[in-house]
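# Observations on the three-dimensional arrangement
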Amino acid sequence: MVADTSLPQPQEATDAVVPAPRTRRPRAMLAWSLGLVAAFALMGLLVGLNPAAPFTQPLDDWWRALVGVSADGSIHTSAVPMFFQHLGEGPGALVGVVLVPAVLAIVGRWRSGLFFLTVTLVGPGLFSQGMKNLVDRPRPAVDETLGLFGPLFRVDHGSFPSGHAVMAGALVVGIAALIPATRRSARTLWWTVGGLILLGMVWQRTLINAHWLSDTVFGLVAGIAGALLMWWAFWPLIQRDHGRPVWFCHLGRRHQPSPA
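Residues numbered from 1 in each chain as written. Predicted model: local features only at pLDDT ≥ 70, side-chain atom pairs only at ≥ 80, totals over all residues. Heavy atoms only, no water.

### A look at the overall build of the protein
Applied cut-off: Runs of H or I in DSSP of at least four residues are treated as helices and runs of E of at least two as strands, each being numbered from the N terminus. Buried, partly exposed and exposed residues are distinguished by accessible area as a fraction of the type maximum, computed with a 1.4 Å probe on protein chains only: under 20%, between the cut-offs, and over 50%, respectively. Any two residues whose heavy atoms approach within 4.5 Å are treated as being in contact.
Scanning the protein from N- to C-terminus turns up 10 helices and 0 strands. Start at the N end of the protein and walk to the C end: the helices and strands fall as α-α-α-α-α-α-α-α-α-α. Counting the 260 residues in the protein, one finds 44% classified as buried. Restricting to contacts in the protein with at least 6 residues of sequence separation, those with at least 24 account for 79%.

Shown next as structure tokens:
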């Protein structure tokens, strides 16, 4: 009996159609990012009305007396605090501005690399430095009467917001965006690690008297807001990269002879 070739033949498993990645930008992400930007801007306005003693000063003073240490101790130079110190300075900037974008470009995901570069420029650059110059809040100062100490490391002008905290928020959300939603375990693990990084940055910046508590909290808000906004803007490009295999993982397949 001759097979009826007019009927559709079943496709091989290897020819199964892969669903196209979702490219529509999520509205909730845009709403959250704009809401956080608005909260950061409002806090900047309120601090700017009285930079020396904003409405959060009583809470900031209480936290400083509880957490801040003196230069006589050694806790502020131990491994964990120094990790957070370097994360918001040259090493952290090197990772965010150079290393991660370069690695992504090398593996063929230049769109994600451009996204990550933009994340580290918008939050730590535009939001942080812009607000510092507009508000110019004084840093915690030495008060021998109350037994309080000033910054234990060199700092620049302007205490609000914490640039280290902005960088931490940007890096945590930026890396989360690079993990496909299908990798649920990896995303859950990273959000857990990222949460510890955010809390650790608040602790370290106030431990060394470099910032007030409100500086660090709204520094995180600024970094997260900028990263979420860029994640929403780059969403279609990031989704395309999520479905794109790394180029050197299939080099061998290209050179294999096709079956007869």
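### Brief notes about the side chain of histidine 76
The topology assignment puts histidine 76 in the loop between helix 2 (57-67) and helix 3 (79-87). If near-sequence neighbours (up to four positions away) are discounted, histidine 76 is found in contact with Val69, Ser70, Ala71, Pro81, Met82, Leu152, Phe153, Leu207 and Ile208.

### With respect to the packing of helix 6 (residues 163-178) against helix 8 (residues 213-233)
Packed helix pairs are specified by the crossing angle of their axes together with the interaxial distance, meaning the distance between the axes. Counted only if it meets this: Axis definition: a line fitted to C-alpha atoms, limited for helices to the stretch in contact. Angles are taken between N-to-C directions and run from 0 to 180 degrees. Throughout, a crossing is termed right-handed when the near helix is turned clockwise from the far one, and left-handed when it is turned anticlockwise from it by less than a right angle. Side-chain classes follow a simple rule in which Ala, Val, Leu, Ile, Met, Phe, Trp, Tyr, Cys and Pro form the nonpolar group, Asp, Glu, Lys and Arg form the charged group, and the remainder, Gly included, forms the polar group.
With their axes 7 Å apart at the nearest point, helix 6 and helix 8 run at an angle of 35° to one another. Relative to helix 8, helix 6 is oriented so that their crossing is right-handed. For the pair formed by helix 6 and helix 8, the contact residues are Ala165, Val166, Ala168, Gly169, Ala170, Val173, Gly174, Ala176 and Ala177 on the first element and Thr216, Gly219, Leu220, Ala222, Gly223, Ile224, Ala227, Leu228 and Trp231 on the second. Within the contact of helix 6 with helix 8, the residues separate by chemical class into 13 nonpolar, 5 polar and no charged.

### Focus: the environment of threonine 77
Definition in use: Whenever two N or O atoms come within 3.5 Å, that pair is a polar contact, provided that in protein one can donate a hydrogen and the other can accept it, and provided that, for residues adjacent in sequence, both atoms are side-chain atoms.
Checked against the element boundaries, threonine 77 lands in the loop between helix 2 and helix 3. Note: C-alpha distance between threonine 77 and phenylalanine 153 (76 residues apart in sequence) is 10.0 Å. If we ignore the near neighbours within four places in the chain, the residues touching threonine 77 are Met82 and Phe153. Among the polar contacts listed, one links the side chain of threonine 77 to the backbone oxygen of serine 74, at a separation of 3.0 Å.

### Some remarks on the layout of surface pockets
Rules: Points on a 1 Å grid, built from protein atoms alone, make a cavity when a 1.4 Å probe fits but cannot get out and make a pocket when they are open with protein on both sides within 12 Å along at least 5 of 7 lines; residues with an atom within 4 Å of a point are the lining residues. Grid points are joined across faces, edges and corners, and a volume is the space filled by probe spheres set on the points.
Size it by volume and the second largest pocket reaches roughly 300 Å³. What lines the second largest pocket is a set of 16 residues, among which Gly88, Gln129, Asp156, Gly163 and His164 lie closest to the centre. Counting only elements with at least two residues in the lining of the second largest pocket, the list comes to helix 5 (110-135) and helix 6. Ranked by the residues each element gives to the lining of the second largest pocket, the list is headed by helix 5, at 4 residues. Here the residues of the lining of the second largest pocket sort into 4 nonpolar, 6 polar and 6 charged.

### Considerations on a nonpolar patch on the surface
The test is simple: Residues form patches when they are more than 30% accessible in relative terms and have no salt bridge. Like charges link within 9 Å. Nonpolar side chains (Val, Leu, Ile, Met, Phe, Trp, Tyr) link within 5 Å. The method behind every accessible area is Shrake-Rupley, applied with a 1.4 Å probe, and residues are considered shielded solely by the protein chains displayed. Any carboxyl oxygen of Asp or Glu within 4 Å of a side-chain nitrogen of Lys or Arg constitutes a salt bridge here.
A cluster of nonpolar side chains, namely Leu42, Leu45, Leu46, Leu49 and Phe55, defines an oily patch on the protein surface of about 540 Å² accessible area. Within the element layout of this structure, leucine 49 appears in helix 1 (residues 27-49). Note on leucine 49: relative accessible area 67%, which makes it exposed.

### A word on the nonpolar core
Inclusion rule: The criterion is simple. A nonpolar core is a set of buried Ala, Val, Leu, Ile, Met, Phe, Trp, Tyr and Cys residues joined through side-chain atoms within 4.5 Å.
Within the largest apolar cluster, 47 residues are counted, with the highest numbers of intra-cluster contacts made by Phe40, Phe115, Phe160, Ile197 and Trp231. Counting residues per element, the ones that place at least two in this core are helix 1, helix 3, helix 4 (90-106), helix 5, helix 6, helix 7 (184-207), helix 8 and helix 9 (235-242). In contact with phenylalanine 40, not counting residues within four places along its chain, are Phe127, Met131, Phe160, Pro161, Phe218, Val221 and Ala222. Ranked by size, the runner-up nonpolar core spans 6 residues in total, among them Val67, Leu152, Leu207 and Ile208.

### Some remarks on empty space enclosed by the protein
Evaluated as defined, the whole model comprises 1 cavity of 30 Å³ or more. In this structure, the largest cavity occupies an estimated 40 Å³ of space. What lines the largest cavity is simply Asp60, Trp63, Arg64, Pro140, Thr206, Asn209, His211, Trp212 and Leu213. Considering each element in turn, the lining of the largest cavity owes the most residues, 3 residues, to helix 2. Residue classes in the lining of the largest cavity are distributed as 4 nonpolar, 3 polar and 2 charged.

### Observations concerning helix 9
Across the 8 residues that make up helix 9, a large majority, 6, are buried. The elements touched by buried residues of helix 9 are helix 1, helix 5, helix 6 and helix 8.

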